Structures are given as C-alpha cells and as structure tokens.
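# Fold and geometry: a report
The lines below spell out each chain.
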Amino acid sequence: MKKWNLVVDVERCNNCNNCFLVVKDEHGGNDFPGYAAPQPAKGARWFRVERQERGVAPMIDASHYPVACNHCDDAPCMNAETAGVITKRADGIVLIDPVRAKGRKDIVGMCPYGHIHWNDELQLPQNWIFEAHLLDQGWKEPRVSQVCPTGAIEAVKVEDAAMAERAAREGLRTLRPELGAKPRIYYRNFDRVDKIFIGGSLAEIRDGVEECAEGVQVELWLNGERLATTTTDTFGDYKFDGLEPDSGEYEVRLAAERFAEGLPAKLRPAKSEYLGLGRLG
Amino acid sequence: MDMKSLRLKATLVGLTYLFRMKAKSSATFRAHLEKRDCVVQIRLKDNSIARYYVFEGGKVVSRSGLHPNPQATMMFKDVDTAVTLLTPPVNYAETVHAGKNFRVILMGDDEVIAWFMKLANKIETDGWRYGEPMSDGSIRYTQMTNGGPLHVYVKDDKIIRTNIVEFTDDDQCGWTMTARGRSFSPRKKGLVAPHALSMKANVYSDKRLLYPMKRVDFDPNGERNPQNRGKSGYVRISWDEALDIVSNEIVRQKQVHGPGAIALAHPSHHQWGNVGYYLSAMMRFGNAVGVTRVVLNPDSWEGWYWGAMHHYGNSMRLGATGGYGTLEDALQNCELMVYWSSDPESQFGAYAGTETSERRLWAKELGIKTVHINPHYCPTASFVGGKWLPIRPGTDTAMALAIMNVWIKEGLYDRWFIENRTTGFEEWKEYVLGVTDGVDKTPEWQAVETGISAREVRALAREWGRKKTYLGCGVNGGGFGGACRNASGIQWARAMVMLMAMQGWGKPGVNFGNLTTGAPVDLEFYFPGYGEGGISGELMATGSATNNYVRMPHLPSVNPVQQSIPRQRLPEAILDGFAEGYFLDPMAAENQMRPFFYPSPGYSKVHMLYKYGASYMSTINGSSRFERMYQSPELECVVSQAIWMEGETQFADVILPACTQFERFDIGEWSNSGGFGLHWTGQLNHRVIALQHKCIEPLGESKSDYQIFWDICKRLGLGTYYSEGSSEEDWVQRVYKSTDLPKHISWKKFLRKGYFVVPPETDGRKAGVDMRWFYEGRPKDLPEPYPLPAGYSGRFLHGLQTQSGKFEFVPNSLKRLQGNEDRPPVLQYTRAFEGPHATDLYAKYPLQLLIAHQRFSFHTAQDGKSSAVNDVLDHRVLKDGHYYHIVRVARGDAVARGIAHHDLVRVFNDRGSVICAADVTERMAPGIAHSYESSALYEPIDGPGTPDLGGSMNLLSPDRMQARGTVASAGSLCLVQIEKWERPEGLVAPQEQREFAS
C-alpha cells in the first residue's frame, strides 16, 4: 500500500509562507465533513514555518522549515482514549473525527510535537489533514507542496519500504525520532537547524596594511583528535559546520604551527559560535 | 427607397423580435428587460426613418415614426452610419469614429441609455459562458492579482479557495536553459507571491466596506465639521444619497470655486486589471470631471530617476535598467553576484511572485558566489547564504567609492571600456583619489562611515575586479527599491552605475541583475500593461497613445485642469496653500528639473478631495501630516472610494464602497505594467494573461470602481460619454480584441478557460543581453522603443541617451543643472541628514530604522484586514487580542533595553510613536532596526500624536526630500529610539481587532 509522506528540504525553503497561507485558505470558513471542521479565522497555525538563526552578526545563517502534524505511524495521539476518534487511513493520513472529537481538549496535549490545535469556538482538537479531502477528489498532491515555489516541500506517495530506502539514501531525518512516533514528514539538510558551527575570521598585515587572510588552513580538534581542516576564503572567513551542540571541548587552531590572536581557542559550544577576528601573528 | 434604407428599416423592426426571442430563451436577459419601463427612439437626424420601442413589464413593442416623449434617443446622421453601426457584431472603430464626429448621438436619461445599451449588448453577451465546472460541484474561475494568477473555486456564490494555476497539456509552456553543463527548467505552474494566496480572506475581511456611509456630523447642506474627521463615526446611507452628495458636491465645487477645486488622489496600486485600474477607469473619470491631479513621485525608483539616469539615460525606465537576457547571461557567465540593498525574496520583483526564487538555487548549484551588502540579513541572504557585509544604512556610497578607489589603484577595471565607452573618467578619478578635495576615498576612509572593515572592502573590490560580476540592486536587480529610497538614495544609485561602467557594463557575465529578470518569454506578443492606460483614453499621462489607443478604438479623454500637486506635498498644499513639485516625466532626463507650483495661476485651490484607495497614512513618509490635512477646513468635502476601512478611510466625509476584483470582470496580464516597467513580464517564467472572471456578486452593496464612476457620471450627464455604453465585460472583450490573443485563443475558449500562456521564446528569437550592444559598439538591438528617436545625440540607435552618447561619469545634464549643490555633476559622498552624524538627533534617537517594502502584503492591500497574512509569523504578532506590526531589533540593542522577543515596544522620534512587537534577531547589525512600511492600519490610541497601535511606520520617517530641486522621497530610513511598552491599564484594542478565541 502506498502511503503519503512529505519531504522537506530546509535549504530550499525561502520562508514565503505560501504553504501556511494555503492551509488557512483551504480551511478558513470551509467545513469538510468527515475530514475537518473550519479552522479558526485567527491564530490557528496548523501548518507553519519555523525559523532557526545560527551565529551572530556578521557570521550567521537563518533557516526556515515547515512543521505540521507528522501523521505518525505510532502516533501518541492514537491510544485507548482516542479509539474511534482519531483514525489512521490506509494511505498514512491521521484524521481527528470532527464530530466525535467534540469537547476533547485532552487530545491537544497528546501530541508531543504540539501539532494538535484547540478550536475554542467549535470545541474541537484539529490537525493539518494532509488535504486528504482533496486527495480523495483526485488532487495529485496536497496544496502545501503544490504552491511551494522552490520544491522545498515534496509530497511523496510510496510504499513504506521505498520511503525508508530513500530516507537512508538521502540522509533524511524526522523530527525527534527518540519519541518513537514514526513521523511521516522527513527533512533534508536539517543540520542547518539542529547542528551548530564554529567560525571566525583571520586578518594579516601585508605591506603595513591589514588584509583578509585568505587560504590559511584552520583545524578543528576534539578530544585530542583533529576533526576537520578548512581553508579561509577571500574574506578570511572559516567555518566548521555540522557539529553537535554540547558535544565536548573543541579547539580551533591554525595548521602548520601558525598562530593568530585568540587562536588556538578552546570552547564547549552549546550554540553556534563566531570567534571574531584573529590577526595572524 | 434605396436598399440601405430598406435594410435599416428591416433591422429596426427585426430588433423588436430579437429582444423578444432573447427574452424567451434567457432568464437573465428577461430579468434585465423587466428592470425598466421606458420608450427608446431610434431615428435618423432628418427623421426620414424612425422607430420607437416601448418597454413595459418585460414586454417590448415597437412602432414606426416618432414618439412625442422618449426617455432615450439614438440618432444617426444618415442611413449609412445607422446601417454600419446597427449591423452586428459591434464595429467599435466605426462606432467610436461616428461618435467622435457627431454622426451618432445618444440623448436623454443616462440611466435609460445605460439600460438600453446593456440590453442591446446582452443579445451577444448573454450567451457567454465562463469558468470550469469541477467535480465537487464548484465552478473554477480565474483571476490575476498583484502577486500572480489564481484559480478561484466558487460554490453557492461563495469563494471556497484560491489556488495557483497549474499549466496543462493545453498550454504551450516550459523552456530549458543550459549553463556550464547543466540544464534548468522552470516549474509548469504560476508561482505566486504569498499575498496572492490570502485574497479569499481579504474578500471576506471584516474590514470590508459594504454600504455607502456618511460621517455622522457631516451635513453637505449645513455644518460640515471638518475638524472631526477621523473622530466622529459614520451612518449608513443609500447609494442614491451617496451619489447625490458626491455629484452635487462636484458641481458645487466647480460653480463656487472654479476649475481645479477638486483633487483626485490615488495610491500607486489597488487591484489588478486593465479596465478597473486607477490608470484606466479612474483616469477616465477624472478627465471627464476635470480635476487637480495629485501626481506621483517615482517613489520606488527615486535615486535611479533623480541620479543614475543622468549618467547613462534610460529615462523611460525612470533610470532603471532593462535586464534583457540577463538571466541566461548570469547563469552562464557570472562568477560573483553582489546583492547590494537587494532583497528579491521579499519584494518579488514587484509583481513576479515567487517565479524567480528557484533560479537563485540554480546559481548556488553552479557555484556562483554571493555577497550581500545590506544592514539587514534579509530573506534573500537567508535563502542563498554568502558573505554578509552589514553596512551602516545610508553610507553605501562611501563603500562604493572605496571599491572604485581600489580598482583605480590596482588597475582592476576595464580600461578599454573607460576609454571607448565613457566620458569624464579622469575628473571622476581625481575625486575618488582625493586630488580635488584632499580626501583619498580609501577602504580605511570608508570604514569610518560604513562600519565595514577596510580589509573586507579591499577583498571585495579585488574579488569583484577579477571576477565576472553581476550587481543586483533593489527589487529586480537593476533599479527600483532598496537604498534608492533613503536620504542618500541619489548618491547610491549614481555610484552603482559607475561601478558597473568601470567593469565594462554589458560584457558577458558583467551586468546589473539578481536573476529576477531576463527570462526567455516572448516579449513581442502584444498585450498592454496597466501603464498603457486601459480604457482611460488619456493620451498624455499614460502610455495609451503608442499602442492601446490605436489598437482599441475608444473615446479619448483630456483633463483640462493644468494644476497638479506633488503627492509628497499634498498636506502642505492643503495646509499652507502652496506646494512646489518636480515632474515625473520620463521623456528626457532634463524634464525632471522643471518645477511646477500649486496653485497654478488662474486655478482654484483645492477644496474637495476625492480619494481612491486609502493607503497614504502608512505609505507616504512623514504621514502624520495627512491627519492634519484631513482635519483642515480648506477641505470642504472628502470622498473615499475604497474597498476596506484602512488607515486613511476614516478621515472621509462620504465613503463609497468598492468591491474587490473578485466581484467584477476585468482582464490583465501577470506582471505587465507597461510604461516605465516595459517588459517586466520578462521576470516571469511564463507570460500569463487572464480573463479576470467575476467570481461572486459584490458583497453587501459594494460596486465595482467602474460602476461607481459611471453612476456619478450619469448624474452629471456624462454617463454615456464615460461608458460608451459598455459594461465591464464589454470592455474586457474590447481589450481582448485589441491584443494578439485572438490569433491564438478564441474569445469563447478564453472566456471559459480564463487564461492563456504565451508560448516561450524560441532560441533564435530571444532578446539580446541588456547593454551588450553598447559594449560591442553595435546599434541598439533590444525590443524597447527607448530612448525616443530624438533622445540619441548621434545616429539613431547608436549610443546611450546622454549628450555624448557614452556613459558619462560627470553627466552633462547635471552640469546644466547649475546651482544645485545637492546634485553636483561630480558625485560627492555626503552624510545623510538623518544618520549617525546628525549628532544631536543621534544622541536622542540612536537607532537607524529601515522601513522597507512589505513582504507579505502588496503595500497595504493584504495587511491588517483580519486576513491570514496577519498570522504569518514574520508579519504581525498577536498579543492580547491585537495584531501588532513587527520591528526587528538586533539582539544586543534589545538586551540593552530589557526587550525580550515579542515584547511590545514603542518605536518613536519627534514625529510620533508606533507600538510594535519586537522581533529580537541576530539578523540586524547593532544600532539598526527594521520594519515594513504599508501597514493598512492607523490606530492612534487617543487622537493625533498619540502612539499608533496600527503599525504605520511612516509616521516616523522624514518628509524632507533627498535633494533640493526634486521630490525624491527619503522615507525608507530614519532615526528612532525603541523602548519597552506596557499596555496602559484599561486600554482595549479596537473592537474589530479583538480576537474571539485565544
């Protein structure tokens, strides 16, 4: 049986919010019996774009990525208390019955991802339904991927084995896998969100003038082992990316026994760090 | 009796039967027939042939001869004219020609004529079928918006959804571009801007004006209480009363004060479409009535218009570049792309939606390096990454000078180009090197100004000098938007074109652009842009005369009132009774130097303001001036014709509720502005032309703008002149017929399907690359009719639109502008009047606030209307039931002020206070804050001067012009202080802002 998944590429998201807005458009003022009752006119964000900034000016990056109901295969919201209220379709989509769920505010707290939303007016817990009502009418994909201008959101309907194979091949990740919920939204380049970098800039004096130090080899060490080597760019900038936060004491040093002001530097980064400017000695 | 007379007689008899037959077969025709009992006479001038039609209770009878008292008469000069005009289908060329030459005259009650013409037209139009039935029982219509084309799903006269248009096998679309061994193709769908996808919520916004209204204490025949505008509330009135008040006031103004007493003012943008646009239906109305125009400054182009064009021409583009062929050239040849105050991911090339976003990923895949020179690590920087140089706002020119300084000293510029294609370089060089003023413009010198280190600027200059570099400035890479709109905008834009000239502008891989423009669409397929005047018939103030007026026969219109007010100075004109302006006249670079004054000799001052749309409070700098203006007794009457209650609507005496474009017919092409923005369709992956269906009936009692203007005109006896008897759908068909569409898609199919994709350009027919002809010394080979033939100093099509025909480092046109030290021929870096060097002011207000073009709203159009856009996390923040505008604050500045993320803050200076939610971010350099202009709301807590909860950031911006002798606005940058703000006890948000569920 082929099932629906979303594949999100963090690097391709420009935060245009078209996905967020079409979900508002689709469910604002519209009742789709058997699928979803109308979304509240204000505030509701069933499908939203998150932001992550790393570093400090001037060495930073900022990433955006959509999040929504993950349509988990072992969904924490699906349990004895929600039997008959929350169902999982054969195509993987999780629906909260808009009639039977009436008054069930308790369901909101069951989602560890925070993607079940309380509709106060209708007294209903609600989720992003993967536009199941449209897929059932023959739409080829949900609106969120259809309106994405860059292909940052891709809707994929494949067998679970094929999806698992693709996830492994492309290094796709799901959010908070430790929960064991088996989410159906996969992320590419999620390192941009949950990994950190250490960066800095190097300058040197040439002919009495301060210049960016290009082409200098910089090393990153962890626990006495050299983890990586990089070379400064035109602007004298270097960056080691993809590090786990709080993963130990790192040391940044120059190769070939060169030294710079402030280097070598030792640090235990919990977030991305810009070491600032170091002048070569 | 001759054959033609017999034929005419038969036609007149036959018409009766045609009406009856149609009434039998069509319920809508019958309904229209039943609306009116009247007598319509059709006759020849000498009465030799005459027949009248008696309409009563939905029945029609006709009799030969003259009726003693017809309500409407259609009189033909002679048999020939009558036969020609009465033979279907309507031949507009003949009809308009006959009308202009008094060979056909419509007389009588304008309402009856309008009704009868509609009845006659309905014989054909009643059979029109449009929209596609869907399997769920809805009908899918098509619309075109500022942000792109939409499919609109409607059921039971209610919009269910708006969605993008996905192209099908029926559409000839798609192209492939190869670069460095890779192939790239666009998606086969219309990629829209986010604001386009919030339109449904906009239509059903609780801010909609649904009924005509009158200010409670406005009595047109007694006390008018202008001082209470913005304070007293409104009472609902009937359309009859509203139209009576407005039309009577128009007459009163003209008779009491004389010509010029009525001013007509409008925003730059409203809805989309060639019929209902401000340059179309509104312009035609203004001309019919005779108005003092409130004229635009080039407010998104400023620096390019008042500065850059003097170096190289392009006055017809307001100093911006054409961008032809630059997408392919950049992908194939460019090695470095410098985004200088350029954020295409936020401003979408104005109208191009998100069509261009993926191209930036292509460039990334090709390894094109990127530098962002911008005080804000903007959405484009976030998206593409690269080196960020967080420059201090307003100092960009200093950095540009230092880059040129390095190039000169290290020989990193195109000497051949300088020698062969430019003039004045030696004089320029002496300034850059400090020979003339003793200040060598070194990287070290600029570091003090810009806050960017000398070493980084040197590195950038070398990288740029050695690599084939594209320079992206502003919204679409080669002109408007960005830093050209701050106090240093003229300097900056001048410096930008000089940078380009030093690198051999036009050679492969060296051009202006940020991948936003120059896609391979068929530019020669004719469809008029909005700048071509639509149905206005205005031949001077729009681009109508070139194509549109010739291709679509319609009556010309002329505004006899030669009095104008510069929009930047409208408050002063009213409050002080005087204003000085400079023309936005693209015909030649010199025309901008010509001053004009209000009042114009012999004309009345303005005492009635007819406002179309309502965006000034937040889009015009120093906007608290407008509040004072509106409360002036000089304005005896203020009319607002608007769709929504926006910041400015609340100051009107009479509100005329207009419907949205979803509630009326129109026709329009995506991103086709024509005029100054000729070929902006080249930003798109595909040209898409839409028949903009009327998707639902107008909400409440709202009416289309065209209908409102027509209704007022009817009361002035101008109804038939204004409308030519055409309804909006008739005009839509007239526009269709004037274009190249009929060669490709039948009216019937276009009407039903709703859109047409212009097939992409084939390889051998693509436009050349902008400026390549100039670089290579060939005659100009681009499909732009600019400059005008007389604009060439030398041989036609040879050289630029400058006196020398070359790029002028020291422009001759500015040399002739003597005595203006703000725009010296040799560019000088001067510090902005409102920046870190304004010592006293800076001590008080130590933060530079950038006020950029909106990202999630097209100006005020989608913002603040309880629509989905309010909930976009980067647009507004919901707090205590109120959606606050966002100000982005650097983390360090926030911490120093005890401000946490999403705290409410007061952003203020001597001009006013705006309450915002703080977005604490690393993406601002220290000392700099950022917010968007164009909040649709203006909600002072307690009257003028008190903090605005709506987010109208332009309350804080300076009304001073960038330079003397210009109306170059400087509103995108000002000094402010920001402090944490606590909501005063007992203060509640305006009723409509309160949220029903938290």
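Residues numbered from 1 in each chain as written. Chains lettered and ligands numbered in written order. Predicted model: local features only at pLDDT ≥ 70, side-chain atom pairs only at ≥ 80, totals over all residues.

A tally of helices and strands in chain A yields 5 helices and 17 strands. The C-alpha radius of gyration computed for chain A amounts to 24 Å, which surpasses the reference 19 Å derived for 281 residues by more than 25%, pointing to a less compact arrangement than a globule. C-alpha extents for chain A along the principal axes are approximately 75 × 35 × 35 Å. Expressed as a percentage of its 281 residues, the buried residues of chain A come to 46%. (Helix = DSSP H or I, 4+ residues; strand = E, 2+ residues; numbered from the N terminus. Rg over C-alpha atoms; globule rule 2.2 N^0.38 Å. Buried ≥ 20, exposed ≤ 12 C-beta atoms within 10 Å, placed from the backbone.)

On to the confidence of the model for chain B, then. Residues and elements named next belong to chain B. Looking at chain B, pLDDT values average 95 and 99% of them are 70 or higher. A low-confidence stretch, residues 990-998 stays under pLDDT 50, and its non-local contacts, those more than four residues away or across chains, total 17 contacts. The complex model carries a pTM of 0.97, and its ipTM stands at 0.97. (pLDDT = per-residue confidence, 0-100. Contact = placed C-beta atoms within 7 Å.)

This part is about the sheet that holds strand β28 (residues 666-669) of chain B. All names here are of chain B. One open sheet accounts for 3 strands, arranged β28-β29-β30; its pairing is antiparallel. What marks the edges here is a single partner per strand, and that holds for β28 and β30 (755-758). Neighbour to neighbour, the strand axes of the sheet diverge by 10 degrees on average, direction disregarded. Note that β28 and strand β29 (residues 687-692) share 4 bridges and pair antiparallel. If you follow Ile 667 over to β29, its bridge partner there is Leu 691. Across the sheet, helix α26 (residues 728-738) is in contact with β28 and β29; its angle to β28 comes to roughly 35 degrees. (Pairing = 2+ DSSP bridges. Axes fitted to C-alpha atoms, helices over the stretch in contact; angles between N-to-C directions.)

We now examine the domain arrangement of chain A. Residues and elements named next belong to chain A. Annotation of chain A at the domain level lists domain 1 (3-193) and domain 2 (196-279). Using C-alpha coordinates to define each centre, domain 1 is positioned 39 Å away from domain 2. The interface is formed by 5 residues belonging to domain 1 together with 7 residues belonging to domain 2. When its residues are assigned to classes, the side of domain 1 that touches domain 2 shows 2 nonpolar, 1 polar and 2 charged. (Domains from an automatic or database assignment. Nonpolar A, V, L, I, M, F, W, Y, C, P; charged D, E, K, R; others polar.)

Our next topic: the pairing of strand β10 (residues 196-206) of chain A. Residues and elements named next belong to chain A. Most of β10 is tucked away, with 8 of its 11 residues classed as buried. When β10 meets strand β14 (residues 237-243), the two strands line up antiparallel, connected through 5 bridges. Along β14, the bridge assignment pairs Gly 200 with Tyr 238. Across 4 bridges, β10 lies against strand β11 (residues 209-212) in antiparallel orientation. Directly across from Ile 205, in β11, lies its bridge partner Glu 210. Taken together, β10 and the strand that follows it, β11, pair antiparallel across an intervening segment of 2 residues, in which Asp 207 is found at a positive phi of about 50 degrees.

This part covers the sheet that holds strand β4 (residues 72-76) of chain B. All names here are of chain B. Within the open sheet, the 5 strands sit side by side as β3-β2-β1-β4-β5. Their pairing is mixed. The open sheet has two free edges, formed respectively by β3 (59-64) and β5 (104-108), since each of these has just one partner strand. With strand direction ignored, the average angle separating the axes of adjacent strands in the sheet is 15 degrees. In this structure, β4 lies alongside β5, joined through 5 bridges in antiparallel fashion. Residue pairing across strands places Ala 72 opposite Gly 108, the latter belonging to β5. Sheet strands touched by helix α1 (residues 3-25): β1 (38-44), β2 (50-56) and β3. Its angle to β3, the strand with the most contacts, is close to 175 degrees.

Under the domain assignment used here, chain B contains domain 1 (3-125), domain 2 (325-517 + 802-816) and domain 3 (839-993). Taking only C-alpha atoms into account, the centre of domain 1 of chain B sits 64 Å from that of domain 2 of chain B.

Cis geometry marks the peptide bond from Leu 263 of chain A to Pro 264 of chain A; its omega dihedral reads 0 degrees. On the secondary structure map, Pro 264 of chain A appears in the loop between β15 (250-254) and β16 (265-267). Looking along the chain, the bond that leaves Tyr 786 of chain B and enters Pro 787 of chain B is cis, with omega of -15 degrees. Note on placement: Pro 787 of chain B falls in the loop between α28 (772-776) and β31 (807-808). In this structure, Asn 225 of chain B takes a positive phi of about 50 degrees despite not being glycine. Position of Asn 225 of chain B relative to the elements: it lies in the loop between β12 (213-215) and β13 (234-236). Looking at Asn 225 of chain B, the number of C-beta atoms within 10 Å reads 17, which means it is partly exposed.

Let's shift gears to the interface of chain A and chain B. Contacts between the two partners involve 44 residues from chain A, matched on the other side by 48 residues from chain B. At the level of secondary structure, the elements contributing two or more residues to the side of chain A that touches chain B comprise α1 (18-27), β2 (47-56), β3 (59-68), α3 (143-146) and β11 of chain A. In terms of residue count, the dominant contributor to the side of chain A that touches chain B is α1 of chain A (7 residues). Residue composition of the side of chain A that touches chain B, by class: 17 nonpolar, 13 polar and 14 charged.

To continue, consider the packing of helix α17 (residues 443-450) of chain B against helix α18 (residues 454-466) of chain B. Residues and elements named next belong to chain B. Their axes nearest at 8 Å, the elements α17 and α18 cross at an angle of 120 degrees. Looking at the two axes, α17 sits oblique to α18. As α17 runs across α18, the sense of the crossing is right-handed. Note on element contacts: α18 touches α17 through Ala 454, Val 457 and Arg 458, opposite Pro 443, Glu 444, Gln 446 and Ala 447. Looking at the contact of α17 with α18 residue by residue, the class counts come to 4 nonpolar, 1 polar and 2 charged. (Parallel < 35°, antiparallel > 145°, perpendicular 65-115°, else oblique. Left-handed = near helix turned anticlockwise from the far one by under 90°.)

Residue and element names in this part refer to chain A. Mapped onto the elements of the fold, Pro 125 is located in strand β7 (residues 124-126). Taking the C-alpha atoms as reference points, Pro 125 and Leu 227, separated by 102 residues in sequence, lie 48 Å from one another. Dropping the residues within four chain positions of it, Pro 125 is found in contact with Ile 96, Ala 101, Arg 104, Lys 105, Ile 107, Val 108, Ile 116 and Trp 118.

All names here are of chain B. Within strand β7 (residues 139-145), 6 of the 7 residues are buried, which leaves it mostly tucked inside the rest of the structure. Relative to β7, strand β6 (residues 132-133) runs antiparallel, the two sharing 2 bridges. Its bridge partner being in β7, Glu 132 is matched across the sheet by Arg 140. Where β6 hands over to β7, the hairpin turn is made up of 5 residues, of which Gly 137 adopts a positive phi near 90 degrees. With 7 bridges connecting them, β7 and strand β8 (residues 148-155) associate as antiparallel partners. The partner of Arg 140 across the bridge, within β8, is Tyr 153.

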